[in-house]
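# Structure assessment
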Amino acid sequence: MPPEMFGDDYYKVYGTPDLTVSLERSSVYQGEITSIFLTLTNRGRVTAIKVNSEPAPDRRDEILAAQRELELERQRTTAQDVSVELVVENKSAIDVKRAVAFPGNLREGQTSAPLEFPIEVYKNTHPGMYRMYALINCTYQRDVAVKSDEDHPDTPDVYYWYERISQVVPLELRVERKSDVEFEVLGVNPERLPAGSSDNVVRISVKNVGTDTARDLVARLKPESGIYVSVDESPVPRLEPGESAEFVYKLDVSKDAVPGKVYLLRVTFEFSDTYRDNLSDSENVYIMIDQQRPTSLWAGALLIAAIASIIFIIRKRRGGA
């Protein structure tokens, strides 16, 4: 119900919040896990003030009520309880890890703190422009009425009328290739390891299928829990386009590793290309875990058999004597 139904409405004020969005970073790389930041600015303003009725000049309570109403009406352009949701048009290209932020209230002319949105750009995302939308919701003070009080002129009753508004702001994010070096895993040998084993020598073949040379290439292995890397390969000085390299690792497998499960090994490449240093890329490798080899049981059985043979030979010799 409009507030003028409860009190005197001395003024009619026009204007609303108007929130604009700035994208601090306009480009990201394929395969990058990062954050993008948005800032909001409230460019709303009061466009007009209309006098509905004048307070009686001999009524102090009405004069104070009118002054109070005009003071509050100027807050009409404040965006209150602002929320921003970031939506990507092509969700198969970019994943927004945390899509909603809450900058709070924004007064006329105020800019929010940077709002962080963690994202992942998938490795198979094609370079190009991708459309996003900032879905903004807030409330604003649509109207105020103040009821004068002769007994308490300094503290009149105030009635508010709030309304919710929404805005959809389109944004564009460019996806770029980080480097013209591109790695492809050709294979892993062996493809299976037994649970509980140690010092397994694993060889991973990698090819540069890009058009630039990788310099000072290091391929580090980050396995899933249950597999542990004990030895890394030394750097490869150069890997030309079309060339392959073999990286050798020593892996230990926990005895608690699950037989029959395929374990992920993430190969992280650190390198430089013709134009930039300190670049990184990654590929996934998979290894199947087999049942633990019963080496201890076989060793125990062989030891028992050997002891039994020795005892048999000693008894036989004593019997012969």
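All chains use their own residue numbering, which begins from 1 and follows the written sequence. Only residues with pLDDT of at least 70 are given local features in this predicted model, and only at 80 or more are side-chain atom pairs given and counted; all residues enter the totals for whole chains, interfaces and linings. Remark: hydrogens and water are excluded; side-chain values derive from all non-hydrogen atoms of the structure.

### Structural notes on the overall build of the protein
To keep it simple, the criterion reads: Numbering of helices and strands starts at the N terminus; helices are DSSP runs of H or I of at least 4 residues and strands are runs of E of at least 2. A 1.4 Å probe rolled over the protein chains alone gives each residue an accessible area, and that area as a share of the maximum for its type sets the label: buried under 20%, exposed over 50%, partly exposed in between. By definition, residues are in contact when any of their heavy atoms lie within 4.5 Å.
Scanning the protein from terminus to terminus reveals 2 helices and 20 strands. Of all 321 residues assigned to the protein, the portion counted as buried reaches 37%. Put simply, of all contacts in the protein between residues at least 6 apart along the chain, 74% involve residues at least 24 apart.

### Regarding the side chain of Gln80
Relative to the helices and strands, Gln80 is located in strand S6 (residues 79–88). In this view, Gln80 contacts Gly104, Asn105, Cys138, Thr139, Gln141 and Tyr162; residues no more than four positions away in its chain are not counted.

### Digging into the layout of surface pockets
Unoccupied space between atoms shows up once a probe the size of one water molecule is rolled over them. The condition is simple: Grid points spaced at 1 Å and placed over the protein atoms alone form the basis of the search, with a cavity being a set where a 1.4 Å probe fits but cannot get out and a pocket an open set showing protein on both sides within 12 Å along at least five of seven lines. Lining residues have an atom within 4 Å of a point. Grid points are joined across faces, edges and corners, and a volume is the space filled by probe spheres set on the points.
What the largest pocket holds in volume is close to 450 Å³. Gln30, Gly31, Ser280, Asp281 and Ser282 are, among the 18 residues lining the largest pocket, the residues nearest its centre. If you list the elements that add at least two residues to the lining of the largest pocket, you get strand S19 (262–272) and strand S20 (279–290). Looking at which element gives the most residues to the lining of the largest pocket, the answer is S20, with 4 residues.

### Observations concerning the pattern of salt bridges
Using the following cut-off: Salt bridge, as used here, is a side-chain nitrogen of Lys or Arg placed within 4 Å of a carboxyl oxygen of Asp or Glu.
Within this structure, the stated rule accounts for 17 salt bridges. Close ionic contact of Arg25 with Glu32 constitutes a salt bridge, the shortest N to O distance being 3.0 Å. The shortest N-O distance in the salt bridge between Asp281 and Lys123 comes to 3.6 Å. Of the two residues, Asp281 sits in strand S20 while Lys123 sits in the loop between strand S9 (115–121) and strand S10 (128–147), which places them 158 residues apart along the sequence. The network of salt bridges with shared partners includes Arg59, Asp61 and Glu62.

### Considering unusual backbone geometry
In the segment running from Asn189 into Pro190, the intervening peptide bond is cis, with an omega of 0°. Along the polypeptide, Pro190 turns up in the loop between strand S12 (183–189) and strand S13 (192–194). Even without being glycine, Asp216 reaches a positive phi, approximately 50°. Relative to the assigned elements, Asp216 resides in strand S15 (residues 214–223). Given the relative accessible area of 48%, Asp216 is considered partly exposed.

### Quick look at the environment of Val82
Note on placement: Val82 falls in strand S6. Discounting chain neighbours no more than four positions away, the residues touching Val82 are Leu19, Leu40, Ala101, Phe102, Pro103, Gly104, Ile136, Asn137 and Cys138.

### Structural notes on the side chain of Thr39
Position of Thr39 among the secondary structure elements: in strand S4 (residues 33–42). For Thr39, a relative accessible area of 11% corresponds to the buried category. Sequence-distant contacts of Thr39, that is, excluding residues within four places in its chain, are made with Thr20, Val21, Ser22, Glu24, Thr111, Ser112, Ala113 and Pro114.

### A closer look at the sheet that holds S9
Going by this rule: The rule for pairing is simple: two strands pair if DSSP sees at least two bridges between them. Fitted lines through C-alpha atoms give the axes, limited to the stretch in contact for helices. The angle between two N-to-C directions lies from 0 to 180 degrees.
Spatial strand order, S2-S4-S9-S7: 4 strands in an open sheet with antiparallel pairing. The strands lining the two open edges of the sheet, one partner per strand, are strand S2 (19–23) and strand S7 (94–96). Going from strand to strand, the sheet's axes swing by 35° on average, the running direction of each strand aside. Relative to S9, S7 is paired through 3 bridges, and the arrangement is antiparallel. Paired with Asp95 across the strands is Glu120, a residue of S9.

### Regarding the environment of Ile119
Mapped onto the elements, Ile119 comes out in strand S9. Given a relative accessible area of 2%, Ile119 falls into the buried group. Residues Ile119 and Val96 lie 23 residues apart in sequence; the distance between their C-alpha atoms is 4.4 Å. Residues contacting Ile119, with those up to four places away along its chain left out, are Val28, Glu32, Ile33, Thr34, Ser35, Ile36, Ile94, Asp95, Val96, Lys97 and Leu173.

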